[in-house]
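A closer look at the structure
Listed below are the residues making up each chain.
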Amino acid sequence: MQEFISLYNEHKPEIEKFLVETICNNAQLMSLETKGAQQFYTIFSCLELIYIADSEYIQTSPNIYKNKQNDAAIGKNRSYLVSHVDHEEQGVSVTSPYISSATGESCVTVIVSANGRFFFFDFNVVSLLMRLGLLELHPVFNKVTKSFYLAIGLSLMFFSIMSIGYAFYDYFLQWRHPDTYTLESVFKPIVALTMGLAIFDLAKTLLEREVFFKAYSDKKDESRLLSKFLIAIIIALSIEALMVVFKIALNDPTLMLHALYLIIGIALIILSLAFYSHWVKKAPGKQN
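The model shown is predicted, which means the values in this text are computed figures rather than measured ones.

Thoughts on the UniProt feature "transmembrane region" (unreviewed entry) in the protein
Under the UniProt annotation, the feature "transmembrane region" (unreviewed entry) is placed at residues 118–135, 147–169, 189–207, 228–249 and 255–276. Helix makes up 39% of residues 118–135 and strand makes up 39%, while its end C-alpha atoms are separated by 31 Å. In this annotation, residues 189–207 is assigned 100% helix and 0% strand; the end-to-end C-alpha distance for the span is 27 Å.

This is the structure:
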C-alpha cells in the first residue's frame with residue numbers, strides 16, 4: 001500500500017490541480033444546505049466525505065456521506081487539518097495523505113473557504129488514483145492481500161506473546177527449584193523477552209504499513225522495519241554471547257575461542273547494519 005502513496009506523491013501537482021479546478025468550477029454547489037453539498041458526489045466518484053466548519057474550524061454540519069449523514073461529529077475542532085496542508089491555491093488548500101477517522105481509509109482533504117465557512121472534502125487516495133487512470137487495482141485481490149497481511153501480523157503478535165509468556169514461565173519454574181537455579185535461569189528469559197519484543201515490533205510495523213497505514217508522509221524511515229528488527233536480534237545475540245562467555249569461563253576456559261567467534265559475528269552484524277543505514281540515508285532521493 002505504500003506504493004499507492006508514492007504514486008500519489010509522484011503525480012501530486014496534477015492531482016491537486018484537478019481537485020482545485022474541479023471544485024472551483026462547481027463552487028455554486030457549496031451552500032450551508034447538505035443537499036447542495038451532496039451534489040458533489042455526482043461529480044467526484046472518489047469523494048467519500050463532506051463536512052462544514054465555521055471560521056474557527058469547529059464543525060457545524062453533520063458528516064455528509066453519499067447516501068447518509070452522521071451528526072456525531074458536530075462540534076469537533078478540525079483545525080489540526082490545517083497543519084497538514086502542503087498546497088494552497090485560489091483559496092483552496094489540499095492536505096497530505098492521512099488516515100480518516102471517519103472512514104478508516106487513506107485520504108486527502110481539500111479545504112475550501114466560501115460563504116464565511118470552511119468546506120472539507122475527503123477524497124479516498126486509492127479511488128482518486130483509479131479515477132485519474134494512474135492505478136489499476138482489483139478490489140477483491142486488494143482485500144485478499146490486506147486480509148493476508150492482517151492474519152500474518154496477528155499471528156506474529158500471538159507468537160510474540162507466547163515468547164514473553166514462556167520467559168516468565170521458565171523463570172518462575174527455575175525460581176521454584178533453587179537447586180537448579182543458575183545464571184542461565186536469568187539470561188534465558190531475557191533472550192525470550194527480547195525476541196518477543198522483536199517479533200511484536202515486526203508485527204506492529206507490518207500492520208501499520210500494510211493494513212492500517214498509520215503514516216504516509218514520513219519517508220525518511222522506510223528502512224525502519226529491517227533496522228528495528230535487526231537491533232532486537234543483535235541485543236538477543238549479545239545477551240546470548242554474554243551467557244556463553246560466563247558458561248565457558250566457569251566450565252572450560254579452553255573453549256573461549258568459540259565465544260569469540262560468536263562475538264565477532266555479532267560485531268559483523270552491527271557493522272552491516274551501520275553500513276546499510278548509512279547507505280540508505282545517502283541513497284538518491286533519500287536526502288532532505
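Having seen it, we continue.
A few points about the environment of H84
Secondary-structure assignment places H84 in the loop between β3 (69–70) and β4 (85–89). Owing to a relative accessible area of 34%, H84 belongs among the partly exposed residues under this scheme. Residues within four places of H84 in sequence aside, it is in contact with V94, T95 and S96.

What to know about the packing of aromatic side chains
Under the definition given, this model contains 10 aromatic pairs. Seen from their ring centres, Y57 and F118 are 4.5 Å apart, and the 25 degrees between their planes marks the pair as stacked. Taken together, the residues Y57 in the loop between β1 (47–53) and β2 (63–64) and F118 in strand β8 (residues 117–124) connect sequence positions 61 residues apart. Taking the relative accessible area as the measure of exposure, Y57 reaches 22% and is therefore partly exposed. Looking at F118, the relative accessible area reads 16%, which means it is buried. Counting every residue linked through ring pairs, the aromatic cluster contains F18, F44 and F123. For the cation-ring pair, K68 lies above Y65, with the distance from its terminal atom to the ring centre recorded as 5.2 Å. We note R78 situated over the ring of Y51; from NZ or CZ to the ring centre the distance is 4.5 Å.

Regarding the side chain of S61
Tracing the backbone shows S61 in the loop between β1 and β2. Residue classification places S61 among the buried residues on the basis of a relative accessible area of 6%. A polar atom in the side chain of S61 sits 2.8 Å from the backbone nitrogen of I52. With residues up to four places along the chain from it excluded, the contact list for S61 reads Y51, I52 and I74.

Criteria and thresholds
Residues numbered from 1 in each chain as written. Predicted model: local features only at pLDDT ≥ 70, side-chain atom pairs only at ≥ 80, totals over all residues. Heavy atoms only, no water. UniProt positions renumbered as here; feature names shortened; annotations may be inferred. Helix = DSSP H or I, 4+ residues; strand = E, 2+ residues; numbered from the N terminus. Buried < 20%, exposed > 50% of the residue type's maximum accessible area, 1.4 Å probe, protein only. Contact = heavy atoms within 4.5 Å. Phe/Tyr/Trp six-rings, centres within 6.5 Å; stacked < 30°, edge-to-face > 60°. Lys NZ or Arg CZ within 6 Å of the ring centre and 35° of its normal. Polar contact = N/O pair within 3.5 Å; in protein donor to acceptor, adjacent residues only side chain to side chain.

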